[in-house]
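Fold and contact review
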Number of protein chains: 2
Amino acid sequence: MGLKDIGEFGFIRRIRRGCLTRPEGVLRGIGDDAAAFRSDGRLVSLVTTDLLVERVHFLREAISGCDLGHKSLAVNLSDIAAMGGTAREAFVSIAIPDSCELAYLDDIFRGLQDLARKYAVNILGGDTTFSRSDLVINVAVYGVVAENEMLTRSAARPGDVIFCTGCLGDSRAGLHLILEGAGVDAPELDALLAAHRRPEPHLHEGRLLAAAPGIRAAIDVSDGLSSDLGHIVEESRVGARIYAAKLPTSDNLNFFCRRFGRSPLDYALSGGEDYTLLLTAAAGDAGGIAAAFQAAFGRPLYAIGEITDTARMELVDDAGNSAPIRPTGWDHFKRP
Amino acid sequence: MGLKDIGEFGFIRRIRRGCLTRPEGVLRGIGDDAAAFRSDGRLVSLVTTDLLVERVHFLREAISGCDLGHKSLAVNLSDIAAMGGTAREAFVSIAIPDSCELAYLDDIFRGLQDLARKYAVNILGGDTTFSRSDLVINVAVYGVVAENEMLTRSAARPGDVIFCTGCLGDSRAGLHLILEGAGVDAPELDALLAAHRRPEPHLHEGRLLAAAPGIRAAIDVSDGLSSDLGHIVEESRVGARIYAAKLPTSDNLNFFCRRFGRSPLDYALSGGEDYTLLLTAAAGDAGGIAAAFQAAFGRPLYAIGEITDTARMELVDDAGNSAPIRPTGWDHFKRP
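Residues numbered from 1 in each chain as written. Chains lettered and ligands numbered in written order. Predicted model: local features only at pLDDT ≥ 70, side-chain atom pairs only at ≥ 80, totals over all residues.

This next bit is on the overall build of chain A. Scanning chain A from N- to C-terminus turns up 10 helices and 13 strands. Taken over the C-alpha trace, chain A has a radius of gyration of 20 Å; the compact-globule value for 336 residues is 20 Å, and the two agree within 12%. Each of the three principal axes of chain A carries a C-alpha extent, and together these read 55 × 55 × 50 Å. Counting all 336 residues of chain A, 55% fall into the buried class. (Helix = DSSP H or I, 4+ residues; strand = E, 2+ residues; numbered from the N terminus. Rg over C-alpha atoms; globule rule 2.2 N^0.38 Å. Buried ≥ 20, exposed ≤ 12 C-beta atoms within 10 Å, placed from the backbone.)

Encoded structure:
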């Protein structure tokens, strides 16, 4: 049996055993957006880490150093946002091949530092070393959250409204433009490239929502809506119903889909790397939460469906017909 | 100008600028064994991270998964030890090539978990992803220390006694056996291999010493005595005098040096990866500290020299002659 057979999540389930040697004070270990544990203060400590490898997560010739630096931090800040936390310190490990120019490295750190500054995050350490082939960046982020405001994947309940904090599918459309070498000849396509290369972590959105009464579960959309909603459904032992007509897609994505004959719904459902937040909230509080979000950020919080008690995920189309949703997000090891 | 010209430490100095965006509460940023910052409790938070890359830090065919897992955590625990801290949580990111068997991965996690258990460290998270060529492991460790017991590289003062917590040079001798494919036909050589593959972090030693009155600066011996002592000298703006006759070398290293015609002194001075601790202590407290160490661990704390005000490092040989020590430790980018 190999990694291809058990897949990324099978591997994680496998290694999870034996990892908790001192359970006291641990609120979340392996399996949420970030680990959460008590230190000696009032706040809960959050730690998340993401490893980006050349030719797997990025192509050096297709992304500027600045965008790569931005993205490698943004994906971690998004995990802190999904826990309702405030990001505080970042740690950057980098393995550098001979072929990597100093100017490119300077740009990586410029991208990291610009985004860090925006969210008052320090880069406090890391590791710098050599690589024989691929450029590798690992970023770890430390954050904090009050325990009663911490958001997890496992707190959704039947009847909850499902929200997302932004449009879905843009990043995947941007990736397609890169992979297919499509000519980017319109501002709409430029915007999709930017969505892929420079995702914005929803830290402020996460903080506002975490403090709102009635908010229950949360995750960030990194693998794709169907996959990430699947994590909430699995960890909360619930089901979910999503309405196709309510999935928010941008004008840019709609332009792209018209141009290339694609379906916006497919991109919204299984896009990945949008780094919007997906949350659930008690139905009675949902209206107030959406209004507070609109007032704070000047854009809507999208209600896209509801949590059910069916243990299944279903998609309701415009005609009212229901079909099962299968998680189609990324698994690094399973091959089709 | 490239990375080869400025070297690893030149690169670190370069990226250090602009990394501190919110200085309040930060006690140590880039440039010590671990970052140290205040969260909201009484204890100081410590974070360190190390990136191990195949064909740079290890050869997969020459190290068992178990040893690799052990080592990738041990090097981080050693950094926490050098800050005087207690290690608490670990985060493991791993990029896995197709060629890596599931059994090898299981062994890596067995090695990680066995060492984690020994020091009551949880593995609370990480990232699992694919790699196109080399196996890559990044481990980050979170620890804590009382602020008044925290050890740094910058606190040495002229007149301090320089201590180390164990023998020097064994690990490098073990590495030579591996790289030169030498036949390992004696228990002494086996022990050197083990010193290289399964270094023991001096966490208990670090805690005892951090709590002792009179202890000042500390670092772990990862790059080699001359290089790591150089960091203390540089960060503390002092000098150092080391006595060749006082450098502790093991019977195993002496056996190896006789067999292969090498100098134990060279190995002790510039070996690297020993993961013993190098510390300085006020001269008046040194005797008491050494006695307490001997009583607690049943082995000596080695006094190997003293801190001076010369801004230089010198080695005094058996005849009393002094010669400058040049840091000869590892730089990942400078080429000879």
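We now examine the pairing of strand β4 (residues 86–96) of chain B. All names here are of chain B. Here β4 lies mainly inside the structure; 11 of its 11 residues are buried. Summarising the sheet, β4 and strand β6 (residues 136–145) pair through nine bridges and their orientation is antiparallel. Pairing of threonine 86 across the sheet is with valine 144, part of β6. As defined by bridge partners, β4 adjoins strand β5 (residues 122–130) across eight bridges and the pair is classed as parallel. Note that in β5 the partner of isoleucine 94 across the bridge is threonine 128. Traced from β4 through helix α3 (residues 102–118) to β5, the parallel crossover comes out right-handed. (Pairing = 2+ DSSP bridges. Right-handed = clockwise from strand over helix to strand, strands pointing away.)

Here we come to the nonpolar core. Counting 210 residues, the largest nonpolar core has Leu46(A), Leu278(A), Leu46(B) and Leu278(B) as its most contacted members. Discounting chain neighbours no more than four positions away, the residues touching Leu46(B) are Ala34(B), Ala35(B), Ala36(B), Ile80(B), Met83(B), Gly85(B), Gly143(B), Val144(B) and Val145(B). (Core = buried A, V, L, I, M, F, W, Y, C linked by C-beta atoms within 7 Å. Contact = placed C-beta atoms within 7 Å.)

Residue and element names in this part refer to chain A. A large share of helix α6 (residues 203–210) lies buried, amounting to six of its eight residues. Among the residues of α6, Leu203, Glu205, Gly206, Leu208, Leu209 and Ala210 are the ones counted as buried. Of the surrounding secondary structure, the elements contacted by the buried residues of α6 are α2 (65–82), β4 (86–97), β6 (136–145), β8 (215–220), β10 (277–281) and α10 (283–297).

Bringing unusual backbone geometry into the picture now. Notably, Arg237(A) is not glycine yet its phi reads approximately 55°, a positive angle. Residue position: Arg237(A) is located in the loop between α7 (225–236) and β9 (239–243). The exposure class assigned to Arg237(A) is exposed, which follows from the 12 C-beta atoms found within 10 Å. The backbone phi angle of Tyr275(B) is positive, close to 55°, even though this residue is not glycine.

Quick look at the relation of the copies chain A and chain B now. When chain A is brought onto chain B, the operation consists of a screw motion whose angular component is 180° and whose axial shift is 0.0 Å, with 0.0 Å RMSD remaining. Those values place the two copies in the arrangement expected of a two-fold rotation axis. Across chain A, the rotation axis passes nearest the C-alpha of Gly41(A), at a separation of 1.8 Å. Looking at chain A, 100% of its interface residues are interface residues in chain B too, so the copies touch through the same face. (Least-squares fit on C-alpha atoms with pLDDT ≥ 70 in both.)

All names here are of chain B. What the seven strands build is an open sheet, ordered β8-β10-β7-β11-β9-β12-β13; its pairing is mixed. Across the chains shown, the open sheet's two edge strands, defined by having one partner strand only, are β8 (215–220) and β13 (322–324). Strand after strand, the sheet turns through a mean of 25° between neighbouring axes, direction not considered. Packing of helix α2 (residues 65–82) onto the sheet brings it into contact with β8 and β10 (277–281), and relative to β8 it is tilted by some 170°. (Axes fitted to C-alpha atoms, helices over the stretch in contact; angles between N-to-C directions.)

Turning our eyes to something else, we now look at the interface of chain A and chain B. On the chain B side, the residues contacting the 64 residues of chain A number 64 residues. Secondary structure elements with two or more residues in the side of chain A that touches chain B: α1 (3–16), β2 (35–38), β3 (44–53), β4, α3 (102–118), β5 (122–131) and β6 of chain A. At 10 residues, the largest contribution of residues to the side of chain A that touches chain B is made by β5(A).

Residue and element names in this part refer to chain B. The terminal C-alpha atoms of helix α10 (residues 283–297) lie 21 Å apart, and with 15 residues this matches the ideal 21 Å at 1.5 Å per residue to within 8%. When we look at burial in α10, the residues that qualify are Ala286, Ile289 and Phe293. Viewed end-on, α10 has its buried residues packed into an arc of 75°, placing them on one side of the element. Exposed and facing more than 90 degrees away from the buried side of α10 are Gly284, Ala291, Gln294 and Ala295. Where the residues of α10 are buried, they touch β7 (161–164), α6 (203–210), β8, β10 and β11 (302–308). Looking at the residues trailing α10, positive phi occurs at glycine 298, about 70°. (Expected span 1.5 Å × (residues − 1). Arc of directions from axis to C-beta.)

Next up on the list: the sheet that holds β3(A). Residues and elements named next belong to chain A. Reading across the sheet, the six strands line up as β1-β2-β3-β6-β4-β5 and stay open at both edges, with mixed pairing between neighbours. The open sheet has two edge strands, β1 (26–28) and β5, and neither has a second partner. Each strand of the sheet is rotated relative to its neighbour by a mean of 20°, with strand direction disregarded. Here β3 pairs with β6 via 10 bridges, running antiparallel. Of the residues in β6, the one forming a bridge with valine 47 is tyrosine 142. On the sheet, α3 packs against β4 and β5 and is oriented at approximately 160° with respect to β5.

This part is about the confidence of the model for chain A. Averaged over chain A, the pLDDT score is 94; the fraction of residues at 70 or greater is 97%. If you check the scores for this complex, the pTM reads 0.95 and the ipTM reads 0.94. (pLDDT = per-residue confidence, 0-100.)

This paragraph deals with the domain arrangement of chain A. Residues and elements named next belong to chain A. Annotation of chain A at the domain level lists domain 1 (3–148) and domain 2 (152–324). With centres defined by C-alpha atoms, the gap from domain 1 to domain 2 works out at 22 Å. Contacts between the two partners involve 21 residues from domain 1, matched on the other side by 20 residues from domain 2. No other element matches the 11 residues that α2 contributes to the side of domain 1 that touches domain 2. (Domains from an automatic or database assignment.)

A few words now on the packing of α6(A) against α10(A). How two helices pack is summed up by the angle between their axes together with the distance between the axes. Residues and elements named next belong to chain A. Axis separation between α6 and α10 bottoms out at 11 Å; the angle between their running directions is 145°. Crossing of α6 against α10: the hand is right-handed. On α10, the residues touching Glu205, Leu208 and Leu209 of α6 are Ile289, Ala292, Phe293, Ala296 and Phe297. In the contact of α6 with α10, the residues fall into seven nonpolar, no polar and one charged. (Left-handed = near helix turned anticlockwise from the far one by under 90°. Nonpolar A, V, L, I, M, F, W, Y, C, P; charged D, E, K, R; others polar.)

In this section: the environment of Asp170(B). On the secondary structure map, Asp170(B) appears in helix α4 (residues 170–179). Contact partners of Asp170(B), with chain neighbours within four places excluded, come to Leu192(B), Ala195(B), Ser250(B), Asn252(B), Leu253(B) and Asp274(B).

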